[in-house]
Amino acid sequence: MIEINEVTKKFKDKKTSITALKHVKFTVEKGQVVGLLGENGAGKTTLLRTIATLLTPTDGYVKVAGYDTQKNPEEVKKRIGVLFGGETGLYDRLTARENLEYFAVLYGLSKHETKVRIDELARMFGMRDYLNRKVGGFSKGMRQKVAIARTLIHNPEIILFDEPTTGLDITSSNVFRQLVHQLKRDGKTIIFSSHIMEEVSMLCDSVAMMHKGELVYHGHIEELYQSEGSQDLNYIFMSKLVRGNETYAS
Ligand SMILES: Nc1ncnc2c1ncn2[C@@H]1O[C@H](COP(=O)(O)OP(=O)(O)O)[C@@H](O)[C@H]1O
Ligand SMILES: [Mg+2]
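Described in the following lines is the structure provided in the data block. (Residues numbered from 1 in each chain as written. Chains lettered and ligands numbered in written order. Predicted model: local features only at pLDDT ≥ 70, side-chain atom pairs only at ≥ 80, totals over all residues. Heavy atoms only, no water.)

1. As for the site of ligand 1
Moving on, step 1. Around ligand 1, the neighbouring residues are Phe11, Ile18, Ala20, Glu39, Asn40, Gly41, Ala42, Gly43, Lys44, Thr45 and Thr46.
Moving on, step 2. Within the backbone of Ala42, one N or O atom sits 3.1 Å away from an oxygen atom of ligand 1.
Moving on, step 3. Thr46 places a polar side-chain atom, nitrogen or oxygen, 2.5 Å from an oxygen atom of ligand 1.
Moving on, step 4. Relative to its unbound accessible area of 560 Å², ligand 1 is 60% covered by the protein chains. (Near = heavy atom within 4 Å. Polar contact = N/O pair within 3.5 Å; in protein donor to acceptor, adjacent residues only side chain to side chain. Areas by Shrake-Rupley, 256 points an atom, 1.4 Å probe, with all protein chains shown as cover.)

Quick look at the structure:
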């Protein structure tokens, strides 16, 4: 479903070159929920932006549903929904419905398709009561729902969330968690980055751990717990990094 093959990404300017991704390689099957873990600067956003066709790999390739993100970006974009961080980018002066309609137009949905889809999302997210109210007066949790609904307007198979709960209060974080459960039941494939271990262990089937641009682990979370003899992701993550550094030193 998503094939990330030996992806390297270098950012260069006149003086410096930063390698944000180093030969990253893993695949994500349909219907899986993957947690992307890593410290600040590990390369999580760069990887998600590369999958979303927004960045060109310096080396290697990414395929989504068999389509290369560089050769067939349009086919890839149709199939993915993306939400980067807290930037909800909603128009406060428009109602929730109008915000969603605006995005439906960008994705080329017909008027009828748009109406059906908005009704569906409003029901799914419990937004029917405030669909026709201006977003300006919404709570964070309500905004979060509209932002996620917008990400899903074209009913994508794959959803990428970059640090979706960073900076959110507990109520809004719970909104996100419930929605992920729901999307998972609908068979969606989800990759989300986080540094909240608890969130990852609650929601994910598998984890991808990144450190300084390298993938230090990818696999099923249950297998990880077994092989590490612990269910403490925080501890496992730290010990993987320590072992990783030992390998670099030798
Ligand atoms: N547009 C850019 N130009 C130059 N360097 C960048 C750019 N985007 C990210 N980087 C660098 O790439 C590395 C990985 O960044 P990022 O993918 O944002 O990490 P994360 O999301 O895990 O915090 C960092 O060293 C960051 O400074
Ligand atoms: Mg980031």
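From this point on, the discussion continues.
2. Remarks on helix H1 (residues 44–51)
Moving on, step 1. With six of its eight residues buried, H1 lies for the most part within the structure.
Moving on, step 2. Looking only at H1, the buried set comprises Lys44, Thr46, Leu47, Leu48, Thr50 and Ile51.
Moving on, step 3. Thr53 occupies a position one or two residues after H1 and carries a positive phi of about 70 degrees. (Buried < 20%, exposed > 50% of the residue type's maximum accessible area, 1.4 Å probe, protein only. Helix = DSSP H or I, 4+ residues; strand = E, 2+ residues; numbered from the N terminus.)

3. Thoughts on the pairing of strand S4 (residues 59–64)
Moving on, step 1. By the bridge criterion, five bridges tie strand S1 (residues 2–12) to S4 in an arrangement that is antiparallel. Considered in S4, the bridge of Glu3 is made with Lys63.
Moving on, step 2. Note: S4 against strand S5 (residues 67–68), two bridges, orientation antiparallel. Bridging from a neighbouring strand, Val64 pairs with Tyr67 of S5. (Pairing = 2+ DSSP bridges.)

4. Let's talk about the pattern of salt bridges
Moving on, step 1. By the definition in use, this model includes eleven salt bridges.
Moving on, step 2. The salt bridge involving Glu74 is made with Lys77; its shortest N-O contact spans 3.7 Å. Of the two residues, Glu74 and Lys77 are both situated in helix H2 (residues 73–79); the distance of three residues between them amounts to about one turn of the helix.
Moving on, step 3. In this structure Glu74 comes out as exposed when scored by relative accessible area, which is 52%.
Moving on, step 4. Classification of Lys77 as partly exposed rests on a relative accessible area of 35%.
Moving on, step 5. For Lys115, the salt bridge identified is with Asp119, shortest N-O distance 3.1 Å. A residue pair is termed a helical-turn pair when its members lie 3 or 4 positions apart in one helix, as Lys115 and Asp119 do in helix H4 (residues 111–125) at four residues. (Salt bridge = Lys/Arg side-chain N within 4 Å of Asp/Glu carboxyl O.)

5. Focus: the packing of aromatic side chains
Aromatic rings considered in pairs are described by the distance between their centres and by the relative angle of their planes.
Moving on, step 1. Under the defined criterion, the tally for this structure stands at five aromatic pairs.
Moving on, step 2. A ring pair is formed by Tyr91 and Tyr102, whose centres lie 5.4 Å apart and whose planes are at 70 degrees; its orientation type is edge-to-face. Separated by eleven residues along the polypeptide, Tyr91 in the loop between strand S6 (80–84) and helix H3 (96–106) and Tyr102 in helix H3 bring together distant segments of the chain.
Moving on, step 3. Centroid distance Phe176 to Phe192: 5.7 Å. Interplanar angle 75 degrees. Geometry classified as edge-to-face. Of this pair, Phe176 sits in helix H6 (residues 170–185) while Phe192 sits in strand S8 (residues 189–194), placing them 16 residues apart in sequence.
Moving on, step 4. We classify Phe176 as buried; its relative accessible area is 0%.
Moving on, step 5. Put simply, the rings of Tyr91, Tyr102 and Phe103 touch in pairs and so form one group of aromatic residues.
Moving on, step 6. Here the guanidinium or amino end of Arg49 rests over the ring plane of Phe84, the centre of that ring lying 5.7 Å away.
Moving on, step 7. We note Arg150 situated over the ring of Phe103; from NZ or CZ to the ring centre the distance is 4.3 Å. (Phe/Tyr/Trp six-rings, centres within 6.5 Å; stacked < 30°, edge-to-face > 60°. Lys NZ or Arg CZ within 6 Å of the ring centre and 35° of its normal.)

6. Topic: the sheet that holds strand S10 (residues 214–220)
Moving on, step 1. Read from one edge to the other, the open sheet built from six strands follows the order S6-S7-S8-S3-S9-S10, with strand pairing classed as mixed. Looking at strand neighbours, the two that pair on one side only are S6 and S10, the edges of this open sheet. Direction aside, the axes of adjacent strands within the sheet are offset by 15 degrees on average.
Moving on, step 2. Contacting S6 and strand S7 (158–162), helix H5 (residues 140–151) crosses the sheet at an angle of about 150 degrees to S6.
Moving on, step 3. Running over the sheet, helix H8 (residues 221–228) touches strand S9 (206–211) and S10 and is turned about 105 degrees from S10. (Axes fitted to C-alpha atoms, helices over the stretch in contact; angles between N-to-C directions. Contact = heavy atoms within 4.5 Å.)

7. Some points on the packing of H3 against H5
A packed helix pair is summarised by two numbers, namely the angle formed by the two axes and the spacing between the axes.
Moving on, step 1. Orientation of H3 relative to H5, taken along the N-to-C sense of each, is 25 degrees, at an axis distance of 9 Å. Relative to H5, the element H3 lies roughly parallel. The handedness of the crossing between H3 and H5 comes out as right-handed. For the pair H3 and H5, contact is made by Ala96, Asn99, Leu100 and Phe103 and by Val146, Ala149 and Arg150, respectively.
Moving on, step 2. Here the contact of H3 with H5 is built from residues that sort into five nonpolar, one polar and one charged. (Parallel < 35°, antiparallel > 145°, perpendicular 65-115°, else oblique. Left-handed = near helix turned anticlockwise from the far one by under 90°. Nonpolar A, V, L, I, M, F, W, Y, C, P; charged D, E, K, R; others polar.)

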